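Commentary on secondary and tertiary structure
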Amino acid sequence: MLTLESYKPQQFDLSGLTGISDRTLEMHFKLYEGYVQNTNVLTEKIAEILKDGKIDHEEMPAYSELTRRLGFEYNGMVLHEYYFGNLTHNGDGDPGQGSDFRRAAEASFGRYDIWKADFSGIGKMRGVGWAICYQDPANGRLSNHWITLHEVGNVSGFTPLLVMDVWEHAFLLDYKPAERPKYIEAFFANVNWRVVEERLRVGAGASRR
Ligand SMILES: [Fe+2]
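These remarks concern the structure in this document.

Another point: the pairing of strand S1 (residues 129-135). The element S1 is extensively covered by neighbouring structure, given that seven of its seven residues are classed as buried. With seven bridges connecting them, S1 and strand S2 (residues 142-148) associate as antiparallel partners. Within the sheet, the bridge partner assigned to Gln135 lies in S2 and is Leu142. Taken together, S1 and the strand that follows it, S2, pair antiparallel across an intervening segment of six residues, in which Gly140 is found at a positive phi of about 80°. As judged from the six bridges shared by S1 and strand S3 (residues 159-165), these two strands associate in the antiparallel manner. The residue of S3 that forms the bridge with Trp130 is Asp165.

See the structure below:
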C-alpha cells in the first residue's frame, strides 16, 4: 500500500524585512505551521475513515466536515508558502523595466501601474483573505483575484505569481487595522521579483488541453 509522507513546514529566512517586523513574522510562521499540521491531521483522519474502502452512513457527517476543512487548511498551507516565498529582505519595490513580469502586466493591463492599482486595490478590500496575481497557463494572461479565507476564489489550474496575505494577522502587530495600505506598501518593498519571474517562466507554456 502506498504510504504518503506528511508535509513538513518549510523554513523561510526573512528577518530584517522593511515595514514587516520579525515579531510579526515569528507569529506568522507559527500560524503557518498550524496549517501544515492540520493538513496532515485531516488527511490522516480521512484516510482512517476510508481504510475499509467505504464511507458508512454514520461516518458521513464527520467525513463531510473533515473534507470541507481540508480545503481551508490545505490552501492555508500552500498560500503561506507562496507568500513567504515571494518575500526577501533584499526587495527592490517594483519589477525592472523590460522584465518578463512587467511585460506580462503591460500585455494584460495596458500599463504596469494599472496592474499595480488593481492588485493593491484588491488588497485593500474589506474582509479577510488574499490578493493574488495569477497567470492563465493557456494564454499567459495575468489577472488579479480576491480570495476569501484561503479557499474561495482561487482559479483552478492558474499559476499564482504574486501572493499577498491581507488577513489582519499579517500586519496587526505593525499597523492599525485601518492602516492596511501602509502594510501593502511594505509588502511591495519586500517582493522578491526573481521568484515571481521564475514562477512566470515555469507556468508559461502549459495548457488546459
Ligand atoms: Fe497569514
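Another point: the sheet that holds S3. One open sheet holds the three strands; their spatial order is S2-S1-S3, and the pairing between them is antiparallel. Since the sheet does not close on itself, it has two edges, and those belong to S2 and S3, each with one partner. Going across the sheet, the axis of each strand differs from the next one's by a mean of 25°, ignoring polarity. Here helix H2 (residues 60-85) sits on the sheet and contacts S1 and S3; the angle it forms with S3, its principal contact strand, is near 85°.

A few words now on the nonpolar core. In this structure, Tyr83, Phe101, Trp115, Leu162, Tyr183 and Phe188 are the most contacted members of the largest nonpolar core, which totals 48 residues. Excluding anything up to four places from it in sequence, Tyr83 contacts Ile20, His28, Trp130, Val163, Met164, Asp165, Ala170, Tyr183 and Phe187. Leu42, Ile46, Ile49 and Leu70 belong to the second-largest nonpolar core, a separate cluster that totals five residues.

How each quantity is defined
Numbering of residues starts from 1 in each chain and follows the order in which that chain's sequence is written. Under the rules for a predicted model, residues below a pLDDT of 70 receive no local features and side-chain atom pairs below 80 are neither given nor counted, while totals for whole chains, interfaces and linings still include all residues. With hydrogens and water stripped out, all remaining heavy atoms of the structure feed into the side-chain values. With a 1.4 Å probe rolled over the protein chains alone, any residue whose accessible area is under 20% of its type maximum counts as buried; one over 50% counts as exposed, and the rest are partly exposed. Secondary structure elements are defined from DSSP: runs of H or I of at least 4 residues count as helices, runs of E of at least 2 residues count as strands, and each element is numbered from the N terminus. One bridge is not enough; two strands pair if DSSP finds at least two bridges between them. In this description, a line fitted to the C-alpha atoms serves as the axis of each element, helices being fitted only across the stretch in contact, and the angle between N-to-C directions of two axes falls anywhere from 0 to 180 degrees. The contact criterion used throughout is that any non-hydrogen atoms of two residues lie within 4.5 Å. The set of buried Ala, Val, Leu, Ile, Met, Phe, Trp, Tyr and Cys residues whose side-chain atoms join them within 4.5 Å is what this entry labels a nonpolar core.

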